[in-house]
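Below, each chain spelled out in residue letters.
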Amino acid sequence: MENITPSNFIEQAIIEDIKEKKLKKIVTRFPPEPNGYTHIGHAKAICIDFLTAEKFNGYTNLRMDDTNPSKESEHYVKALMEDIKWLGFKWKKLYYASDYYPFIYDCAIDLIKQGKAFVCDMTADEISANRGTLTDPGKESPYRNRSVEENLKLFEDMRAGKFKDGEKTLRAKIDMAHPNINMRDPVIYRIMHISHFRQGNKWCIYPMYDFAHPLSDAYEGVTHSLCSLEFEDHRPLYNWFIDNCTLITGVKPRQIEFARLNIDGTVISKRYFHELIEKGYVDGWDDPRLPTLASFKRKGYTPTSIREFCTRIGVAKSNSLVQPHILEACIREELNRDAMRVVAVIDPLKINITNYDKVEDVMISNNPTIENSKKHPVKFSKELYIEKEDFMLEPTPKFFRLTPNGYVRLMGAYVIRCDEVVMGENGEIDHLNCSIIPDAKEQGIKPKGTIHWLSRNHSEKIVTRKFFNLLKEGEVYEKGMLDRIVNPNSMVEKVSYIEPFATKQKGNMQFVRMGYYIEDCKLSKPGNRVYLETVSLKDSK
RNA sequence: UGGGGUAUCGCCAAGCGGUAAGGCUCUGGUCUCUGAAUCCAGUAUGCGUUGGUUCGAAUCCAACUACCCCAGCCA
């Protein structure tokens, strides 16, 4: 274990611990509160927790941090577990912080007996008013010097339900003048007459995070408690409990913090997600505009791509804003390598070939990246769809695709020429009449562009939706995605077509490039995935 | 104004006193049945600023500066 090369500061610290404390086993934990779905920020934490333990041949527990019954439910527990499994991680043991309530309660008693905790009668407002400010020290509670016996009795009464919510709290007796506000006699138990989703009405007092977390870590034998940077200020408190609770035996856990994930253009916050969902701005936790794992799953991201992303962004302590194209690069790279190919026309324009009246198979490479990759037959006929954006009535100078009287190569098939643009009644282009140039080579016609196409009578309809990139150029938003989400009309529905050969594969149709996904596809079968390559790579130009 | 952190290419990020890894993006070139992908090449004389120590500093010291977090009976 000593020969492991660290790849980040956490691993470095662990290696030092192994030497100093002579640790035999590394244990980490992933401790979500079951009050929402897993998001990409969790994914980063999950990867750090599991991968770090794995690297040292240790293991990771999953612990539901269910110390606040007012927000939590079994539903989220299930969702969380599913997402972790989906990412491909296996926890050693499943714990609920609420399972430790008796232990945590005993630790509180222990603290009281040592004279290091007291029952306080102040209201939340009073406590807040006496906490002091960032620069000024706080004032000690008038109840701070109650006798051990009185505290014991009062705390017992708290547990017995003799007081109303908020009437009393148990506080750690530390230092009201401490420069770190977390150390100014923090509340460690509060009264809540709320049923807990697992414990029912067994308890009416609940421990605070700051108290429950270090004790849970110690109880489980966690050696390294990895969390995000905003808990740095809590570490002295964490250590205070670890050092002062005499019921703790064995290795003392160490908290190490890392920077949480920020992605440019999106907001990663369960609180916001709840708000957006409640107000109906998004459809639900798997709304494609949300950075939740459920959403990424729906869009066709693979667990490996999410993991790869987490590896690529690294682990450090500096506040960073990761560009979403790193994530996109991960999924694109993977799909480009592994996925089945499909030809799709997302925004169709009809073209008729006037000098052709057959139906024939044209072979299209399954994966052009791989040499000798399988080729699939695609039906070619005189009635085709091409992508609307592959034709320009009045071409710009660098437009290489189809134009009036211009030439273009149809992927895998012929060179054609656009002879006539037929306008519809609404003033828009209805269709194009084109002709095949059978001897293009001989004539020295070398079109600069190649475009994809589908036979109208041999393709099937699918429904796609466009999302993201909905801002008009020049529009500036401070909150990025949050503001984009707020406009429910930003979804644009499109009818598109897909070639059925692809559907002969066991296919769970997924179009993965950020920007499109196939919402509904009657052709889909569970199991595989299909990458609609031809469209995905267009819209960046 | 108190405490805790962070500052290395457009964006992440290695580096731990010996003369700036890598990835994403970008730019050339290559190739091609899409301008994609592939493959090849290129991109910080510089590591927040200013001083100091040293033969030698992104790395050590000092003083500044900027940004982030903290005053829930949330986690």
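On a predicted model such as this, the values are computed, not experimentally measured, just so you know.

Rules used throughout
- Residues numbered from 1 in each chain as written.
- Chains lettered and ligands numbered in written order.
- Predicted model: local features only at pLDDT ≥ 70, side-chain atom pairs only at ≥ 80, totals over all residues.
- Heavy atoms only, no water.
- Helix = DSSP H or I, 4+ residues; strand = E, 2+ residues; numbered from the N terminus.
- Contact = heavy atoms within 4.5 Å.
- Areas by Shrake-Rupley, 256 points an atom, 1.4 Å probe, with all protein chains shown as cover.
- Buried < 20%, exposed > 50% of the residue type's maximum accessible area, 1.4 Å probe, protein only.
- Pairing = 2+ DSSP bridges.
- Axes fitted to C-alpha atoms, helices over the stretch in contact; angles between N-to-C directions.
- Parallel < 35°, antiparallel > 145°, perpendicular 65-115°, else oblique.
- Left-handed = near helix turned anticlockwise from the far one by under 90°.
- Nonpolar A, V, L, I, M, F, W, Y, C, P; charged D, E, K, R; others polar.
- Core = buried A, V, L, I, M, F, W, Y, C linked by side-chain atoms within 4.5 Å.
- Expected span 1.5 Å × (residues − 1).
- Phe/Tyr/Trp six-rings, centres within 6.5 Å; stacked < 30°, edge-to-face > 60°.
- Lys NZ or Arg CZ within 6 Å of the ring centre and 35° of its normal.
- 1 Å grid on protein atoms, 1.4 Å probe; cavity = no way out; pocket = protein on both sides within 12 Å on 5 of 7 lines; lining within 4 Å.
- Points joined across faces, edges and corners; volume = space filled by probe spheres on them.
- Salt bridge = Lys/Arg side-chain N within 4 Å of Asp/Glu carboxyl O.
- Polar contact = N/O pair within 3.5 Å; in protein donor to acceptor, adjacent residues only side chain to side chain.

Colleague: Summarise the overall build of chain A; cite the residues concerned and give the values.
Modeller: Scanning chain A from N- to C-terminus turns up 15 helices and 25 strands. Pairs at least 24 residues apart make up 71% of the contacts formed inside chain A by residues separated by at least 6 positions. As displayed, chain A has an accessible area near 25600 Å², and 48% of this comes from carbon and sulfur atoms.

Colleague: Please provide a residue-by-residue account of the environment of Val322, values included.
Modeller: Looking at where Val322 falls in the secondary structure, it is placed in the loop between α11 (303–313) and α12 (324–338). Here Val322 falls in the buried class, since its relative accessible area comes to 8%. Remark: the alpha-carbon pair of Val322 and Ile181, spanning 141 residues in sequence, is separated by 31 Å.

Colleague: Lay out the sheet that holds strand β12 (residues 348–353) with the relevant residues and their values.
Modeller: Backbone hydrogen bonds are what pair the strands of a sheet, in a parallel or an antiparallel way. Taken together, seven strands build an open sheet; the order of strands is β19-β16-β17-β18-β12-β15-β20 and the sheet is mixed. With partners counted over all chains shown, the strands left at the sheet margins are β19 (450–451) and β20 (453–455), one partner each. Examined bridge by bridge, strand β15 (residues 383–387) and β20 share three bridges and lie antiparallel to one another. Considered in β20, the bridge of Ile386 is made with Trp453.

Colleague: Any chance you could break down the packing of α11 against α12 for me, citing the residues and the numbers?
Modeller: Relative orientation of the contacting elements α11 and α12 amounts to 135°, with a least axis distance of 9 Å. Taken together, α11 and α12 sit at an angle that is classed as oblique. In the packing of α11 onto α12, the handedness of the crossing is right-handed. Along the contact surface, α11 presents Thr304, Ser305, Glu308, Phe309, Arg312 and Ile313, while α12 presents Ile326, Leu327, Ala329, Cys330, Ile331, Glu333 and Glu334. Across the contact of α11 with α12, the residue classes tally to seven nonpolar, two polar and four charged.

Colleague: An account of the sheet that holds strand β5 (residues 169–172) is needed here, citing residue identities and associated values.
Modeller: Pairing within the open sheet is antiparallel, and its four strands lie in the order β4-β5-β6-β7. Whereas interior strands pair on both sides, the edge strands pair on one side only; in this sheet they are β4 (117–120) and β7 (205–207). Adjacent strand axes in the sheet meet at a mean angle of 20° when their direction is disregarded. Pairing of β5 with strand β6 (residues 187–191) involves three bridges; the strand directions are antiparallel. Counterpart to Thr169 in the pairing with β6 is Arg190. On top of the sheet, helix α4 (residues 101–113) reaches β4, β5, β6 and β7; it is set at about 120° to β6, its chief contact.

Colleague: I'd like a description of the nonpolar core, backed by residues and values.
Modeller: A general feature of soluble globular proteins is that nonpolar side chains tend to end up buried together. Grouped together as the largest cluster of nonpolar side chains are 43 residues, with contacts concentrated most on Ile40, Ile84, Ile306 and Phe309. In terms of residue count, the dominant contributor to this core is helix α2 (residues 40–55) (seven residues). Setting aside residues up to four positions removed in sequence, Ile40 forms contacts with Leu261, Ile263, Ile268, Pro291, Leu293, Phe296, Ile306 and Phe309. By size, the runner-up hydrophobic cluster in this structure holds 40 residues, among which are Tyr101, Phe103, Cys107 and Tyr189.

Colleague: Give a detailed account of helix α1 (residues 9–21), specifying residues and quantitative values.
Modeller: The end-to-end C-alpha separation of α1 is 18 Å, in line with the 18 Å expected for 13 residues at 1.5 Å each. Listed in full, the buried residues belonging to α1 are Ile10, Glu11, Ala13, Ile14, Ile15, Asp17 and Ile18. Looking at the buried residues of α1, the elements they touch are α2, β8 (224–228) and β9 (254–258).

Colleague: Can you tell me about the packing of aromatic side chains, naming the residues and giving the values?
Modeller: With the rule as written, the count across this model stands at 22 aromatic pairs. Seen in terms of ring centroids, Phe296 and Tyr301 are 5.0 Å apart; in terms of plane orientation they differ by 70°. Their pairing is edge-to-face. In this structure Tyr301 comes out as buried when scored by relative accessible area, which is 3%. Put simply, the rings of Tyr101, Tyr105, Phe155, Tyr189, Trp203, Tyr206, Phe211, Trp240 and Phe241 pair up and form one aromatic cluster. The ring of Tyr96 carries Arg198 above its face, with NZ or CZ at 3.4 Å from the centroid.

Colleague: Before we move on, can you summarise the layout of surface pockets with the specific residues and values?
Modeller: Roughly 1000 Å³ of internal volume is contained in the largest pocket. The wall of the largest pocket is formed by 35 residues, among which Glu33, His42, Glu230, Phe231 and Lys270 lie closest to the centre. Among the secondary structure elements, those contributing two or more residues to the lining of the largest pocket are β1 (27–30), α2, α7 (209–220), β8 and α9 (270–278). At five residues, the largest contribution of residues to the lining of the largest pocket is made by α2. The residue inventory of the lining of the largest pocket, partitioned by class, reads 13 nonpolar, ten polar and twelve charged.

Colleague: So, the pattern of salt bridges: which residues are in play, and what are the values?
Modeller: The final tally for this structure, using the stated rule, is 25 salt bridges. With its nearest N and O atoms 2.7 Å apart, the salt bridge here joins Lys55 to Glu11. Within this pair, whereas Lys55 is found in helix α2, its partner Glu11 is found in helix α1, the two being separated by 44 residues in sequence. Given a relative accessible area of 31%, Lys55 falls into the partly exposed group.

Colleague: Report on the side chain of Arg146, specifying residues and quantitative values.
Modeller: For Arg146, the position within the fold is in the loop between α5 (124–130) and α6 (148–160). A relative accessible area of 15% places Arg146 in the buried class. At 2.4 Å, the side chain of Arg146 forms a polar contact with the side chain of Asp121. Ignoring sequence-local partners within four residues, the contact set of Arg146 consists of Val119, Cys120, Asp121, Asn151, Leu154 and Lys168.

Colleague: Break down the packing of α4 against α7 for me, with residues and values.
Modeller: It is at 10 Å that the axes of α4 and α7 come closest, and there the two elements cross at 110°. Considered as vectors, α4 and α7 are oriented roughly perpendicular to each other. Crossing handedness for the pair α4 and α7: right-handed. Across from Phe103, Ile104, Cys107, Ala108 and Leu111 in α4, the residues of α7 making contact are Phe211, Ala212, Leu215, Ser216 and Tyr219. Looking at side-chain class alone, the contact of α4 with α7 contains nine nonpolar, one polar and no charged residues.

The quantities given are spatial measurements derived from coordinates; they are silent on function.
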